[in-house]
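# Chains, contacts and geometry: an overview
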Amino acid sequence: FEEKMAVHSIRRLFLYFLSSLLAVSGQSDTAASFTDVRMFNKPLSELTKDLVGTSLNSQLQFPDVTTALSACQHEQLPKDEIKACDNIRYLFDVKQLVESSQSVGAEASLQKSDESSFSQLFVDFIEPRKPVLLKASEDSWSEENLLQLKQCSDVETDGTLAGTSLSTCPDVLASLKVPAIATNDYMVRLTPCALTGEPNKEACLPSPFIQTPSFLQIRQGVTTDLNSACPLGMTAVLEILYGAIDIVIYDPVAPSSPSSHSLVPVLGNTAEMLHHLSYSSSPFTDLKHVQSLDEGLLVLPNEMLVALRGRGEESGLLKHCFTDAASMHTVRQRASLEAHVDSSTTSLVAALSSLHLDTTMARQPTSMSWAQHMSWPRKEEGEGKTRKRRSQSDWQAETKWKWRIVALTLPKIKPPTVKALGRKNATLNWLSGFQVVEGDTTEFGYNITWHLGHDTQVAGNLSVPHSVIASNGHAKFAFDDYNAFDLTHTIPDGSLLPSTEYSFRVSIFYGQARSPTSSSSSTITTPPVSPPGRMNSPPVVAGSLNEVSVAVAVDLDTQVSLLAYPPLDDGGSPVLGYLIEARHDEPFMHGQWEVLGSYGPQLHDGMLRFLIDHLIPNTAYQFRISSYNSVGVSAVGSASAPISTGFEGKQHDNHVHGHGKRDVIVHHVPDSDVGESSAKLRDHLKSLLDPHLFQVHGPVITLSDHTETLTYNTLDTLGNGHSEQVSLAVWSGHWSPRRFQVTAELIMTDPPLAETRPLLNARAVRGRIALVERQHIPFSPYSHPLCSLIILFL
């Protein structure tokens, strides 16, 4: 908080948090919850006054800290309130930290190791966060050094693990040997020179973030709280100098089990920082696995909790705190939390996020003096001497070690969000603060994995170089105070399945290294398969170069070539065919829409082309199209502008086919597909056509009005296997165009004289050649009243 913050203000805030914890843990029925209106349903100025001991002028009200935080993130506050946002963020982060510490974790067992290889020790214990007891250091303390140490820090522990810093004991520090396991400390490397990318071995000042070792004296029976031995989740090494101790170790981030002991966090025992949590005041009573030690190096990986109890008259321990690749992310996360209210920690967050931070680690480190340890950059081993040539196996081991360390230092990305969702694809969005130093040509990017629900098994994955991903904003503000890229990428179509629940995760790859995978996104369910989307763009005639109200077809007088854009959405299933409807667009015969049949997908340069034939010459039509897949038929598309067929001379022989002659394709759903949905689709598509289309009403004949002939095949009428073509002479009426021939079924009107309106078989007559009786022929006085017929194509 601010420097002028009053202690009584923060104590009042402790009471709020403590009542929240009691309510969550069920220890108090009357305690207020964290979001109790008594604390947060008040003007922001009052809330801020409780936090920082200052008063603001705003009268803004928020029901809880989450709402206030949202206002901060979206910059919905006046300028004079912006300075309160850091405190709001701090409250929110502490709330999450406390809630995540409720009833989780498990006791950790201590293992002993005689492993002499640091790299193997790191892989087996440090990286997987397993406490380990190592052999005592060969550089043992002399009696004189121990005496100096006791005299310099003659203060017994007060129940905490802080100890007495040796920064006030220069003589002791001069003789101190830093254990090899602690010499890969990143805090040593945060020097002003190193972070600017211009290290100067001669004049560079030491890092201001070095953790000086501390000395702990514990009397017999004295017990410390169960807490972190080092600040900010650093790795701790407790070197037993003399005496003996009892220890219990607890891992707060380990998965809890029925046999593990649940610990309720208690908000810290200092008034400076709320997030300094301790857990149990009697760990040796609550926890079961108590172990006794009298020598060795106790290594406690990041975030591990420990409680100590003195045995014998007096025990002395030297505590080393350091940050390496295994603990770097934890330290930076905790420092980010503290930076909200402590400006001095902000510089530590920036330093740990610097592109120039040297995150390499020696694979075979050795112990060194404190003076050597705190200087950076260090003189390389063998510098100035002739180096031995490395073997192939050593080179491979060093390369493998290098990329292992790089992977541990790559940041973990926050869970991605789903920006857009299709049936078989998804567009993800995430923030990434990862950058590389200018001139670094190592390929880096992001690994995207998707899972069925929250299943750990990977259902699919994709690696995308950073250069391919569209960056929507450079250095956009992120909640963790880092500059971040706002990244978006679409998983290719076909990668996902319709009607399926998925979650997504993202990680960084850099060369051969892979970062920890992000937590899962919220689950989403892809849309189900459905009929295709509507074809909103109307069809146009092929070859039309300008937009006119009536376009002229470029093909024959009875044909039109249509162009149309396919539907943007296929419904999640391939489009099988297109239904084309047409209607007359004449002032005196504006017809109803009629399905001409189904046409298969025929793409040319991204557009569909359909040849519509057997139209009437010199006639205006409108066309509209709908598509269908295995699920169903889309909504009917937009109608075209009127399109007219041509009229190229009276003697031009145009052949028109009507019902009974032209084979109308009803659908393109294979009959071999015996699925229930396919069967229903076939029946549905057939029902869209006139049922008379599939009925036989008479023989198929060919009628030509300009040759005045009627031709039919006896095989069509008799069915006796003898093919004999019969041609009859007819004469054209006054209104016949005398320019085309029609092939269709012949049907008798009902009634034969066609004296009723409409005809009883009007639907069957449509598209066929109608046969109508005529009683009287006015121009032939010798004809019989019933010897004449009128033949019409309707």
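Everything below is about the structure printed above this text.
Remember, it's a predicted structure, so these values are computed and weren't measured experimentally.

Looking only at helices and strands, the protein chain features 17 helices and 39 strands. Counting over 794 residues, the protein chain shows a buried share of 48%. In the form shown here, the protein chain has an accessible surface area of approximately 40,500 Å², with 51% of it arising from carbon and sulfur atoms.

The next point concerns the nonpolar core. A general tendency of soluble globular proteins is for nonpolar side chains to be buried together. Membership of the largest hydrophobic core comes to 75 residues, with the highest contact counts inside it found for Phe122, Leu190, Ile249, Leu298, Leu300 and Leu308. Here this core gets nine residues from one element, more than from any other, and that element is strand β10 (residues 235-251). If sequence neighbours within four positions are ignored, Leu190 has contacts with Leu195, Ser207, Pro208, Phe209, Leu348, Ala351, Leu352 and Leu357. Counting 26 residues, the second largest nonpolar core, distinct from the first, contains Val406, Ile413, Phe444 and Ile448.

The next thing to look at is the packing of aromatic side chains. Throughout the structure, instances matching the rule amount to eleven aromatic pairs. Taking 5.3 Å as the distance between ring centres and 75° as the angle between the ring planes, the aromatic pair formed by Phe434 and Phe444 counts as edge-to-face. Within this pair, whereas Phe434 is found in the loop between β16 (426-432) and β17 (444-452), its partner Phe444 is found in strand β17, the two being separated by ten residues in sequence. By relative accessible area, which is 13% here, Phe444 ends up buried. Site record: aromatic cluster; members linked through ring pairs are Trp403, Phe434, Phe444 and Tyr510. The ring of Tyr242 carries the charged tip of Lys150 above its face, separated from the ring centre by 4.3 Å. Over the ring of Phe694 we find Lys686, and its NZ or CZ is 5.0 Å from the ring centre.

Attention now moves to the state of the cysteines. Summed over all chains, the structure comprises one disulfide. For Cys230, the disulfide goes to Cys321, at an S-S distance of 1.9 Å. Across the S-S bond of Cys230 and Cys321 the torsion is about -85°, and the bridge reads as left-handed. Taken together, the residues span a long stretch of sequence, with Cys230 in the loop between β9 (227-228) and β10 and Cys321 in strand β13 (residues 305-322) at a distance of 91 residues. In terms of burial, Cys230 and Cys321 fall into one category: buried.

Glancing now at the sheet that holds strand β30 (residues 607-612). The strand order β24-β26-β30-β29 describes an open sheet built from four strands, whose pairing is antiparallel. Strand pairing shows two members of the sheet lacking a second neighbour, β24 (540-541) and β29 (603-604), which therefore form its edges. Pairing analysis gives two bridges linking β24 to strand β26 (residues 560-564), with the strands arranged antiparallel. In the sheet register, Val540 faces β26, and the bridge partner there is Leu563.

Right, let's get into the packing of helix α11 (residues 328-339) against helix α12 (residues 343-352). Contact geometry for α11 and α12: axes closest at 8 Å, N-to-C directions at 145°. Along this stretch, α11 crosses α12, giving a crossing that reads as left-handed. Contact residues: α11 offers Met328, Val331, Arg332, Ala335, Ser336, Glu338 and Ala339, while α12 offers Thr345, Thr346, Leu348, Val349 and Leu352. Classifying every residue of the contact of α11 with α12 by side-chain character gives seven nonpolar, three polar and two charged.

Attention now moves to the pattern of salt bridges. As enumerated under the stated definition, the model contains 15 salt bridges in all. Put simply, Glu127 and Arg404 hold a salt bridge, and the shortest N to O gap is 2.8 Å. Here the residue Glu127 occupies a position in the loop between α6 (118-126) and β5 (132-134), and Arg404 occupies one in helix α14 (residues 392-409), the gap between them amounting to 277 residues. Exposure remark for Glu127: the relative accessible area of 25% places this residue in the partly exposed category.

Reading the values: the criteria
Residues numbered from 1 in each chain as written. Predicted model: local features only at pLDDT ≥ 70, side-chain atom pairs only at ≥ 80, totals over all residues. Heavy atoms only, no water. Helix = DSSP H or I, 4+ residues; strand = E, 2+ residues; numbered from the N terminus. Buried < 20%, exposed > 50% of the residue type's maximum accessible area, 1.4 Å probe, protein only. Areas by Shrake-Rupley, 256 points an atom, 1.4 Å probe, with all protein chains shown as cover. Core = buried A, V, L, I, M, F, W, Y, C linked by side-chain atoms within 4.5 Å. Contact = heavy atoms within 4.5 Å. Phe/Tyr/Trp six-rings, centres within 6.5 Å; stacked < 30°, edge-to-face > 60°. Lys NZ or Arg CZ within 6 Å of the ring centre and 35° of its normal. Disulfide = S-S within 2.5 Å. Pairing = 2+ DSSP bridges. Axes fitted to C-alpha atoms, helices over the stretch in contact; angles between N-to-C directions. Left-handed = near helix turned anticlockwise from the far one by under 90°. Nonpolar A, V, L, I, M, F, W, Y, C, P; charged D, E, K, R; others polar. Salt bridge = Lys/Arg side-chain N within 4 Å of Asp/Glu carboxyl O.

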